[in-house]
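# Structural overview for review
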Amino acid sequence: MLLALTVLSGCGSSGHSSKPSATPTTAVSWKFTTLDLGIPDKVLKAPVTGKVPDTKTLHVGVTLKVSDQAWKKFGHGKSPAQRAGDVGKDLGITDEQLQKVQAYLNQAHIQAKTSKTRTSVTFDVKAGQAAKLLRTSFVTHRLNGRTYFTPDPNHPPQIPEQIKPYILAVTGLESYSLAPKARALGASAPGRALPTRAGRCIQRFPQKFASSQRVAAAYGFNQLWGQGWRGENMTVNLVEMDGYDRNDVANYVACTGAHIQLGNVNMGATEPAVGAEATLDIQMLAGLAPNLRIVDYQEDPELLNSGNGSDSWAALNNALQRIIDDNASKSRPGSIVSISMGGPEGFLSQPIMQAIDQSLHILTATEQMTVFISSGDCGAYADRQYGSLDVSFPASSPNAVSVGGTRLDLAPNGARTGEVVWSDRSNLSKCENQWGSGGGVSKVFQRPPYQQAPGTDNRYAGSGGRQVPDISAAAINLPIYFRGRWVSSGGTSAAAPIWAAGMALVNQGLLAKSHIFCFGPDTFYHALSAGGANKPYTDVVAGNNLYYPATAGFDLSTGLGSPNLPAFFNTLAANPG
């Protein structure tokens, strides 16, 4: 079998559905305080146009704080091959604290789902029921042509003082936030068809196309293959908004000689509709780490199709929480997460970003995974409006490795001749994932201590924000097999799984040679500083992302550069940090 496909889970969601734990039988005397949802004033002050029907279902998520003391128990950067212990016992709130949260929800007859780590509680509730629980009402507004709902600005939501210290964020109580977008270039009709009949392999792609073999040669993946590291016993977890056609994947792996193990975890009652994004991600991994184990966490279509952007973000966080739960008490050393979606920071509520950022922090710090996230495909303008600088979340999280995009230049024989920033200014009226490598400076997250490299103290760094991307890889002219034909696709959607595949091979080699693996965004800055004669990245110095130019050293178009995988491995093998 070239493709081993299993369904790891049927319908389900993050956490475990059950009746709440027993709560004290004596009545609790609550004292209430305001819950700040971090909604911008302009959003709350927009004209009220109506009331949300009491029967409308809200999908609510409560992110519970992880204490500073709990975070200090976990290291970062490198780890021995075996990780012991149950993350849930060391990370989340106490049983007593959880019982207080559940007692509050019980009074509204809410049956909530609690994650294994006790860092997330989710539930569905009618708007009228939620309004009574939170001592508010929900109203609709209209602003700049958009209609959305929020709690009544004149009566902000209230929660008990007794549980407020445990709560980091509450999501699902507003619909102003824009839904995340998948990144695949030309997702609706990717690229143009390549000259071949459906169901057949192309032995030699035209010159400009960066086939898996050419990418492997350009970035040195084939040198790690030569040492016997092709992804065996390594895992990459994908989070996807769309599904894939098994026949498309089967044809791709047959043509490339891959032997991936591919399994699905369905977060909803049905699978999402087939799309280019999941197809691209899976095939990039299969072409570059051909013996890899891939677990595809397919988001809940009910949340994705609700028409509420906040629900789409809930679908993402539910998938992240499910990955956390699935790996909380068992160890797959050196595992990775790859995500190819995001939205502009300027159009997201604070709780959404807080909730997802903590999930990324848990995956990185406690479950010791590297999380690669595409930096966006609208250049320096994540809100898709040319001239309006913004960066894409969750790639802007300091707990993720943000991956930008490049264009590989290839000789007639397929050999690499150069590499420039991926960008396209042929149509600046609207971004449809074609403007190029996302990058810039976050207005939400501070620059993390690890982000130190030649070029990071640049003329754009004065605000002190997190700079993205961290690294980059090929993002255009990448052949995939989609809907029964070979097509050209790309975007930073391709760059993120390219790096994920590379990290899987590197960790496989480190585990084989030294019984350690590396993880987290700080690894990539450490590799540069420790590299010496080994240059773990090819510095991309030509082009721009429609605003920020590529320069020597770190830049806001391509970060530290594209993979030089053998040198990256050799650096970490000699000095893992």
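Above this text sits the structure in question.
A few points on the structure. (Residues numbered from 1 in each chain as written. Predicted model: local features only at pLDDT ≥ 70, side-chain atom pairs only at ≥ 80, totals over all residues. Heavy atoms only, no water.)

### Points about the overall build of the protein chain
If you tally the helices and strands in the protein chain, you get 15 helices and 30 strands. Here the protein chain holds 577 residues, and the buried ones make up 62% of them. Long-range pairs, those at least 24 residues apart, make up 81% of the contacts in the protein chain between residues at least 6 apart in sequence. (Helix = DSSP H or I, 4+ residues; strand = E, 2+ residues; numbered from the N terminus. Buried < 20%, exposed > 50% of the residue type's maximum accessible area, 1.4 Å probe, protein only. Contact = heavy atoms within 4.5 Å.)

### What to know about the packing of aromatic side chains
Scanning all chains against the criterion turns up 26 aromatic pairs. Ring centres 5.0 Å apart and planes at 55° place the aromatic pair W229 and F569 in the tilted group. Of this pair, W229 sits in the loop between α7 (221–225) and β14 (235–240) while F569 sits in helix α15 (residues 565–574), and the two are 340 residues apart along the sequence. A residue is classified by how much of its surface remains accessible, and W229, at 7% relative accessible area, is buried. Take F569: its relative accessible area is 3%, and that puts it in the buried class. Residues F372 and F524 carry aromatic rings whose centres are separated by 5.8 Å and whose planes lie at 80° to one another, so their mutual orientation is edge-to-face. Of this pair, F372 sits in strand β19 (residues 370–374) while F524 is found in helix α14 (residues 522–530), placing the two residues 152 residues apart along the sequence. The two residues F372 and F524 agree in class, both being buried. R146 extends its terminal NZ or CZ atom over the ring of Y176, reaching a point 4.7 Å from the ring centre. (Phe/Tyr/Trp six-rings, centres within 6.5 Å; stacked < 30°, edge-to-face > 60°. Lys NZ or Arg CZ within 6 Å of the ring centre and 35° of its normal.)

### Side note on empty space enclosed by the protein
Any empty space left between atoms is shown by rolling a water-sized probe over those atoms. One pass over the full model with this rule turns up four cavities of 30 Å³ or more. Taken as a whole, the largest cavity spans an internal volume of roughly 150 Å³. What lines the largest cavity is a set of 16 residues, and nearest its centre among them are V62, Y104, L105, F123 and L134. At the level of elements, β5 (57–64), α4 (95–106), β8 (120–126), α5 (127–134) and β12 (167–171) are the ones that each hand at least two residues to the lining of the largest cavity. Grouping the constituent residues of the lining of the largest cavity by class yields 16 nonpolar, no polar and no charged. What the second largest cavity holds in volume is close to 50 Å³. Of all the secondary-structure elements, those providing two or more residues to the lining of the second largest cavity are α6 (212–219), α9 (276–288) and β26 (478–482). Take the lining of the second largest cavity: its biggest share by element is four residues, from α9. (1 Å grid on protein atoms, 1.4 Å probe; cavity = no way out; pocket = protein on both sides within 12 Å on 5 of 7 lines; lining within 4 Å. Points joined across faces, edges and corners; volume = space filled by probe spheres on them. Nonpolar A, V, L, I, M, F, W, Y, C, P; charged D, E, K, R; others polar.)

### Considerations on the layout of surface pockets
Taken as a whole, the largest pocket spans an internal volume of roughly 680 Å³. Together, 42 residues line the largest pocket, and P180, K181, A182, M241 and R384 are the ones closest to its centre. Of all the secondary-structure elements, those providing two or more residues to the lining of the largest pocket are β13 (181–182), α10 (301–304), α11 (309–326) and β18 (341–344). Looking at which element gives the most residues to the lining of the largest pocket, the answer is β18, with three residues. Among the residues making up the lining of the largest pocket, the classes are represented as 18 nonpolar, 15 polar and nine charged.

### A closer look at the sheet that holds strand β20 (residues 392–393)
With respect to topology, three strands assemble into an open sheet ordered β13-β18-β20, the strand pairing being antiparallel. At either margin of the open sheet sits one strand with a lone partner, and together these are β13 and β20. Note: β13 against β18, two bridges, orientation antiparallel. Bridge assignment links A182 to a residue of β18, and that residue is M341. (Pairing = 2+ DSSP bridges.)

### Focus on the pattern of salt bridges
By the definition in use, this model includes seven salt bridges. A salt bridge links R322 to D326; the nearest nitrogen and oxygen atoms lie 3.1 Å apart. Placement of the pair is R322 and D326 together in helix α11, with a separation of four residues, close to one helical turn. When its relative accessible area of 14% is taken as the criterion, R322 is described as buried. A salt bridge links E432 to K430; the shortest N-O distance between them is 3.3 Å. (Salt bridge = Lys/Arg side-chain N within 4 Å of Asp/Glu carboxyl O.)

### Some thoughts on the state of the cysteines
With the rule as written, the count across this model stands at two disulfides. The partner cysteine of C201 in its disulfide is C255, sulfur to sulfur 2.0 Å. Its torsion about the S-S bond being -85°, the disulfide of C201 and C255 is classed as left-handed. Of this pair, C201 sits in the loop between β13 and α6 while C255 sits in helix α8 (residues 246–256); the two residues are 54 residues apart in sequence, bridging distant segments of the chain. Residue C378 pairs covalently with C431 via a disulfide, S to S 2.0 Å. (Disulfide = S-S within 2.5 Å.)

On their own, these measurements won't tell you what the molecule is for.
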